[in-house]
Amino acid sequence: MSLFSSSAIILLHLKLLLSILMTMLLASQHGRTVIGVKAFRPLARLAKSSALISTMQGPDENTSPLSTFTSIQQQYKLPAVPDIIQLKENQRLVCVGDVHGDINALKRFLTVAKVFDGNRWTGGNTILVQCGDVLDRGAEELECFSLLTSLSKQAAEQEGSLICLWGNHEALNAAGLFQYTEGDKEYEEQIGHALDISSLNTKLWRIQFGGNQPSRWASYEPGGLLALPLMAHLKVAVQVGKTVCVHAGLTQHHLDMYGGLKGMNDIARKWIEEAHHRQNNNLGDYDSVEDVIKDANNRAKRAASSMPNCLGGGSGESSPVWMRTYSYPPNMPPRNSEKTQAILDEVLTTLDADRIVMGHTVQNQINAVLRGKAWRIDVGASRGVSSGTPEVLEVIKQPDGKEIVSILTQSEKIPKEEREISEEATMLKSLL
């Protein structure tokens, strides 16, 4: 929990003051004069002043969830899906790696997977699992989620399914940690603007977020605008047939700690649904700038301190969205392969599964290690990562019950054997 346990967020006074002044300036541009206002005058008086608020707000507008005032979040709604799904005869599972805010990379993944024609879902009853990290490193995150949620509804109409998983970058955003973002322009234009023209009738709702990308934070925080329609339907891990999909990895310890896949997904869902900061301050009803800073920090700390271990962590931590036990080093078998093989075999035996599929660690191409049981599918496709060539993993259940694994590229279908990396072969290659 190292990344979240110290101070969940550090807010600079200068950045905060600029944010507050910009909010006031925006307010003045919409008929609310702020001439003569000083930055350190008690914000409670400012927010309540008739010079700032031209119409009378209702008694609950200051503390109500922001989702009360707009319905824009409904366009990002994911359908609920089971934690364990059985593949039907001849049904396909396709697994897609990290997207990181690149809509073109996402579309290429979907096209390679043969589920998207540029406009609609064409995958029939295919089950597609996007293995997390839609967020960060790119500026088209909402566009990516909009496409995924739209296709998920279309897939359901054809008895297919599109499932999105938690990645460590979704967890970071939910905790108000935005060090990997490309800003919140997209969020200001869509989420922020929708709130500004809503019945709330003020831009001062941004102040409570302390200058920390308010439209983004308001979207992804627990209890936030996208918490119920989108984030609550992300899975930490899901099993489809004999394949377990997760962002970074899974161990027997995780299953024991949370009571299996369902328990793990339930605790993540319950955490993101609840507003841990208790109530909002939508009208900027503060006595001082210091109070704004304190409130914003407490907002982040309450969310981070209550975050379940299955989402928390940091680089090197062992949670399902952060661990690298099976995926590192890239393009090579894990170190201490014998021990790692035993860890993987134990969890797969418990789940009656044949393989685990993960993203998180960038590989040159999709590959498998640990006797072909650990598939690493993050190819760094986003422009914000390495513009890697898109590939997806495909699993098809045969009439005899066996599952055939292949790698789909833009030009061909590759048998799994060609991408399995053994420790012996790696050692031999190093000697040549």
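Refer to the preceding data block for the structure.
Residues numbered from 1 in each chain as written. Predicted model: local features only at pLDDT ≥ 70, side-chain atom pairs only at ≥ 80, totals over all residues. Heavy atoms only, no water.

Caption draft 1: Inspection of the nonpolar core at higher detail. One finds V129, W166, L250, L311 and I356 to be the most contacted residues of the largest nonpolar core, which totals 114 residues. Ranked by residues supplied to this core, first place goes to helix 5 (residues 141-157) with 7 residues. (Core = buried A, V, L, I, M, F, W, Y, C linked by side-chain atoms within 4.5 Å. Buried < 20%, exposed > 50% of the residue type's maximum accessible area, 1.4 Å probe, protein only. Helix = DSSP H or I, 4+ residues; strand = E, 2+ residues; numbered from the N terminus.)

Caption draft 2: Geometry of the packing of aromatic side chains. With the rule as written, the count across this model stands at 4 aromatic pairs. Ring plane angle 80 degrees and centroid distance 6.4 Å describe the contact between F178 and W217, whose orientation is recorded as edge-to-face. Of this pair, F178 sits in the loop between helix 6 (168-174) and helix 7 (185-196) while W217 sits in helix 8 (residues 214-220), and the two are 39 residues apart along the sequence. Look at F178 and you get buried, because its relative accessible area is 8%. Considering the side-chain rings of W205 and F209, the 6.4 Å spacing of their centres and the 80 degrees angle between planes classify their relative orientation as edge-to-face. Note on accessibility: W205 and F209 belong to one class, buried. Members of the aromatic cluster, each reached through a chain of ring pairs, are F178, W205, F209 and W217. (Phe/Tyr/Trp six-rings, centres within 6.5 Å; stacked < 30°, edge-to-face > 60°.)

Caption draft 3: Unusual backbone geometry, seen in detail. In this structure, P329 follows Y328 across a cis peptide bond, with omega equal to 0 degrees. Looking at the element boundaries, P329 is found in the loop between helix 11 (289-306) and helix 12 (337-351). One non-glycine residue, N201, lies in positive phi territory at about 60 degrees.

Caption draft 4: View of the packing of helix 5 against helix 7. One way to put it is that helix 5 packs onto helix 7 with a least axis distance of 8 Å and a crossing angle of 55 degrees. Viewed along their axes, helix 5 and helix 7 adopt a mutual orientation that is oblique. Of the residues in helix 7, those touching helix 5 at E141, L142 and E143 are E186, Y187, Q190 and I191. Looking at the contact of helix 5 with helix 7, its residues break down into 3 nonpolar, 1 polar and 3 charged. (Axes fitted to C-alpha atoms, helices over the stretch in contact; angles between N-to-C directions. Parallel < 35°, antiparallel > 145°, perpendicular 65-115°, else oblique. Contact = heavy atoms within 4.5 Å. Nonpolar A, V, L, I, M, F, W, Y, C, P; charged D, E, K, R; others polar.)

Caption draft 5: Molecular detail of the pattern of salt bridges. Applying the stated criterion across every chain yields a total of 21 salt bridges. Between E141 and R216 there is a salt bridge, with its nearest N and O atoms 2.8 Å apart. Separated by 75 residues along the polypeptide, E141 in helix 5 and R216 in helix 8 bring together distant segments of the chain. Looking at R216, the relative accessible area reads 0%, which means it is buried. Residues K416 and E420 are paired through a salt bridge, measuring 3.2 Å at the closest nitrogen-oxygen approach. Here K416 falls in the partly exposed class, since its relative accessible area comes to 26%. Given the relative accessible area of 31%, E420 is considered partly exposed. (Salt bridge = Lys/Arg side-chain N within 4 Å of Asp/Glu carboxyl O.)

Caption draft 6: Spatial organisation of the state of the cysteines. Enumeration according to the criterion identifies 0 disulfides in this entry. Looking at the unpaired C245, the closest cysteine sulfur is the one in C95, lying at 3.8 Å. (Disulfide = S-S within 2.5 Å.)

Caption draft 7: Up close: the sheet that holds strand 9 (residues 374-376). In spatial order, the strands read 1-5-6-7-9-8; together these 6 strands make up an open sheet with mixed pairing. Each edge of the open sheet is held by one strand with a lone partner, namely strand 1 (84-85) and strand 8 (367-369). Across 3 bridges, the pairing between strand 7 (residues 355-358) and strand 9 is parallel. Bridge pairing links I356 to A374 in strand 9. Where helix 12 meets the sheet, its contacts fall on strand 5 (237-240), strand 6 (243-246), strand 7 and strand 9, and the angle it forms with strand 7 comes to roughly 110 degrees. (Pairing = 2+ DSSP bridges.)

Caption draft 8: Geometry of the side chain of K235. Position of K235 relative to the elements: it lies in the loop between helix 8 and strand 5. Side chain to side chain, K235 and D83 meet in a polar contact 2.9 Å long. With near-sequence residues (within four places) excluded, K235 lies in contact with V81, P82, D83, I163, C164, L165, W166 and N265. (Polar contact = N/O pair within 3.5 Å; in protein donor to acceptor, adjacent residues only side chain to side chain.)

Caption draft 9: Local environment of the sheet that holds strand 10 (residues 392-397). Taken together, 6 strands build an open sheet; the order of strands is 4-3-2-10-11-12 and the sheet is mixed. Each end of this open sheet is capped by a strand with a single partner; those strands are strand 4 (161-164) and strand 12 (413-415). When the angles between neighbouring strand axes are averaged without regard to direction, this sheet yields 25 degrees.

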